[in-house]
Amino acid sequence: MRKEETIKILLRNKLSIVGLSIIVALIIIAILASVLAPYPDQALGEPNLKERLQPPSRIHPFGTDHLGRDILSRVIYGARTSLVVGFSVVLLALLIGVSLGLIAGYFGGKVDLIIMRITDIFLAFPPLLLALLIATTLGRGMLNAILALAISWWPWYTRLARGMAISVKERPYVEASRAMGISDWKIMIRHVLPNSLSPIIVQATMDMGSAILEAAALSFLGLGVQPPTPDWGLMVSEGKNYFLNYWWYPVFPGLAIFITVMAFNLLGDAVREVIDPRLRRRLL
Amino acid sequence: MNILQGILWLVTSMGVGTVIRVEHLKKYFPITHGFIRKKIIWLKAVDDVSFEIKDGETFGLVGESGSGKSTTGRTILRLYEPTGGKVYFNDIEVTALSKQELKELRPKMQIIYQDPYSSLNPRLTIFDIIAEPLREYGHENVEDTVLELLEAVGLSEEHAKKYPDEISGGQCQRVAIARALALNPEFLVLDEPTSALDVSVQAQVLNLLGRLQKERNLTYLFISHDLGVVRYLADRVGVMYLGKLVEIGTIEQVFDNPAHPYTRMLLSSIPVPDPKARAIRKEKVIGEIPSPLHPPSGCRFHTRCPYAREICRKEEPAMIELEKGHFVRCHFVGELQ
Amino acid sequence: MKKLLEIHDLYINFKTLWGVAKVLNGVSFDIKEGEIFGLVGETGCGKSVTALSILRLLPPNAEISGKILFKGKNLLEKSEEDMRKIRGKEISIIFQDPMTSLNPLFKVRDQMLDIIELHEGLSREEAEKHAEKLLKAVGLSDPERILNSYPHELSGGMRQRIMIAMALSSNPFLLIADEPTTALDVTIQKQILELILDLRNRYNFSVLLITHDLGVVAEVCDRVGVMYAGNIVEIAPTEELFENPLHPYTQGLLSVVPDPRTKKPLKPLKGSVPSLLNPPSGCRFHPRCIYAKDICKRAKPELHEHSPGHFVACHLYGGGNCD
């Protein structure tokens, strides 16, 4: 499939355009946060006790929090945290999961057995619970939260990658490479990996949303990003106590989480349509 | 007494001139049955197969699905590890080589597959596909060699930048041939190389294979279910049925004078492109191919053989040489003539 | 003989992401009662699309124009409701791979009886008797065992026999067989072809046999249409076509089929089948034709009767609307 076709199909689906635009917008916001945020100092934690818990107004479109900080600014800066955490978690999990899955699927036998039993053990825990456990052990902080989430996440990619590797290694071009005496590692990297990636990329795109959500959950429970770092999950957590009288405090960061997760899911669906030939035909 | 002549005799009698010698080759696959109590049944895909392929010759291997013809080809190349028997390539015992030794021999023996699209990695350009084996073995001038190969198979420089799904099936098959030729092989396994192609393209590829064989002195093992194609390209032919070779001979011996009842049934089943010679009115086809998991006892063909008698159910017939180079595995060879 | 099916000037376009594919470019032919008519051609020539268009089973992105007269009535003007009554009852179809046409989760009994009850309005017992009779008619001697089997327990040949039995369950006038033996071994192919011939002789239905294999055509067809890139280029009685092929494409096709009886040289056609997104102008075969003239690039040759019963669409033979 050529690139132009991919783009063509992506653009045909209006929802995918919505998802894609939101994500592009988020990335731009994250990069330009210091320019876009009206009160960068407050976003980074500077208290402004004179204006505590102000409702949305012209000066503070999203209102202010219990320390008088501009919520809009903090939500804008929060995009940075969320995207960094989301990308890092998925990337790390992909790195571990896909390598192990490829090795298990391609070589099979005992290697496969050992890797998959370990994977099964990890999969036996509910992912969030496992992440919680690991985060508790490692201690608070953003880096530990990323590690905890990645560790609870990789087994899913291992399974997916192993399944793909098993089916791809049966293709004649892999056998042809073996017949030419190409080494196993080269075959794995040059032939099996690129042809196994499509469904994994779909999964990873969808998982971006979930990773952001779970990172928010960790923050909410006090195990992730620590105050005063601007983070959506943390803001919702702090804001929940004020919800009844000061609704804007948790609602705007909550909305930010919702929109971001939805955008990644929409994009994931679209990417799947591009990649899955059966769905692609339906689009014709 | 001419000493030279003596040496020549010695050399030829030692088997020079034979590129591939297959002796009692066996390939069994374990099939597990049942969930709780696992039972292993052996699928005898190739069961005691022996033949030779001479230098520059095309040996056709024909048979229907489940006959083991493709497995034979792959086991010769040790893409499958044989269960038993020996394979010699120019007097090197392929089946005894270590992994490293095998890698050194690989360039000499290559394979072409049936489905032209799935035998090329869709994520690589044609150039990279053909260059892969050259780079692996540290060739110099990779670029020039790839272009030469493209030209040799009737493609041009403009194809090099394309991806497999941007060219036709016939062109893909030419790329696969170019890749196989990259390392200057002596022996090629052609596993149904034209079965997935349209007839007009099939003829182009068959002629290309014929031309390359002459130009580069290649030896072919040509595996096909299409007897018309085999007649066109092969010099000698072996007929397989349920893992056994039942008849071997020159093309003329087997096609014009088939001795085994199965060969006859097969030949009379092929639709002939000539309405005046409708095969439908000729020899009757009895039954279907039994499962290779549970092959019949004795002669494996007895369940479908119009001449089968008691002995066929009990005893497996031996290979009998009917005339020079024409071998048949049947109890009643003489009587059927 | 009376004409059962007449196709006039059938054009079909598919709208795709990459443009409009002109899949059928004015196809006309007819099938007489009790006749086996072969439609032969290479990949993408439009033979399967023709078959599906008769049953109006084309995907929604197809644009169709022309006439398909079945027993004198235009199928393209029928309502979907009427078509449903025709499909499987008056016109049946069998496909290349019988495995994909049978549901692997149900026994043959359930699938056969459902079809028979639907079309015939029979009770369960009557339907069962009818199914057994049909299975015997297609050469399956142990119908009880077959009915109790799941599709995967049967061989490819048996599954194709079951498909034929199901297709014939309501005594159709026309059986469309789309590459019915392509997935089968030659010995089994021979049995299935013999079966189709035999059943046709007994029940006198018509058959539209779609195949890429000229050998199969030679074995069973009464008349043949040769298709190339969305056009029928030649129609003739089978013997006439093989003995006296007129169209350069037919001649080329016949000269590239390897014959198991002798080793004759193959003279391949140059080039390959064109893309239907951007087909050649005039005669779509002209870029590959050794006789191509100027007119071939400009005007599409019309199918005309060159000698009684032998139609050809080629400027070499004049006729048609050569301007």
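Throughout what follows, the structure given in this document is the object of discussion. (Residues numbered from 1 in each chain as written. Chains lettered and ligands numbered in written order. Predicted model: local features only at pLDDT ≥ 70, side-chain atom pairs only at ≥ 80, totals over all residues. Heavy atoms only, no water.)

## Description of the packing of helix α4 (residues 108-120) of chain C against helix α5 (residues 124-137) of chain C
Residues and elements named next belong to chain C. It is the contact of α4 with α5, at a shortest axis distance of 9 Å, that shows an interaxial angle of 110°. The orientation of α4 with respect to α5, classified from their angle, is roughly perpendicular. Crossing hand, α4 versus α5: right-handed. In this structure, α4 uses Arg109, Asp110, Met112, Leu113, Asp114, Ile116 and Glu117 to contact α5, whose residues at the interface are Arg124, Ala127, Glu128, His130, Ala131, Leu134 and Leu135. By residue class, the composition of the contact of α4 with α5 is 7 nonpolar, 1 polar and 6 charged. (Axes fitted to C-alpha atoms, helices over the stretch in contact; angles between N-to-C directions. Helix = DSSP H or I, 4+ residues; strand = E, 2+ residues; numbered from the N terminus. Parallel < 35°, antiparallel > 145°, perpendicular 65-115°, else oblique. Left-handed = near helix turned anticlockwise from the far one by under 90°. Contact = heavy atoms within 4.5 Å. Nonpolar A, V, L, I, M, F, W, Y, C, P; charged D, E, K, R; others polar.)

## Regarding the layout of surface pockets
Estimated volume of the second largest pocket: approximately 980 Å³. Secondary-structure elements contributing two or more residues to the lining of the second largest pocket are α5 (71-107), α6 (109-123), α9 (172-179) and α10 (184-220) of chain A together with α3 (99-105) of chain B. Partitioning the lining of the second largest pocket into residue classes produces 10 nonpolar, 6 polar and 13 charged. (1 Å grid on protein atoms, 1.4 Å probe; cavity = no way out; pocket = protein on both sides within 12 Å on 5 of 7 lines; lining within 4 Å. Points joined across faces, edges and corners; volume = space filled by probe spheres on them.)

## Concerning the packing of aromatic side chains
Under the counting rule described, the total for this entry stands at 19 aromatic pairs over all chains. A centroid spacing of 6.3 Å and a plane angle of 55° characterise the contact between Tyr242 of chain A and Tyr246 of chain A, whose relative ring orientation is tilted. Judged by relative accessible area, which is 23%, Tyr242 of chain A ranks as partly exposed. Residue Tyr246 of chain A is classed as partly exposed on the basis of its relative accessible area, which comes to 28%. With a centroid separation of 4.5 Å and an interplanar angle of 50°, the aromatic rings of Tyr241 of chain B and Tyr262 of chain B are classed as tilted. Here the residue Tyr241 of chain B occupies a position in strand β9 (residues 236-241), and Tyr262 of chain B occupies one in helix α10 (residues 261-269), the gap between them amounting to 21 residues. When sorted by exposure, Tyr241 of chain B lands in the same class as Tyr262 of chain B, which is buried. An aromatic cluster is present here, built from Phe62, Tyr242, Tyr246, Trp247, Trp248, Tyr249 and Phe252 of chain A joined pairwise through their rings. Note that Arg309 of chain B overlies the ring of Phe332 of chain B, its terminal NZ or CZ placed 4.0 Å from the centroid. One Lys or Arg, Lys263 of chain C, reaches over the ring of Tyr232 of chain B and ends 6.0 Å from the middle of that ring. (Phe/Tyr/Trp six-rings, centres within 6.5 Å; stacked < 30°, edge-to-face > 60°. Buried < 20%, exposed > 50% of the residue type's maximum accessible area, 1.4 Å probe, protein only. Lys NZ or Arg CZ within 6 Å of the ring centre and 35° of its normal.)

## Quick notes on unusual backbone geometry
Residues Pro227 of chain A and Pro228 of chain A are joined by a peptide bond in cis, for which omega reads 10°. Residue placement: Pro228 of chain A occurs in the loop between α10 and α11 (232-239). Positive phi is not limited to glycine here, since Arg78 of chain B has a value of about 55°.

## Here's the deal with the environment of Arg145 of chain C
Checked against the element boundaries, Arg145 of chain C lands in helix α6 (residues 143-147). For the pair Arg145 of chain C and Arg109 of chain C, spaced 36 residues apart in the sequence, the C-alpha separation amounts to 9.7 Å.

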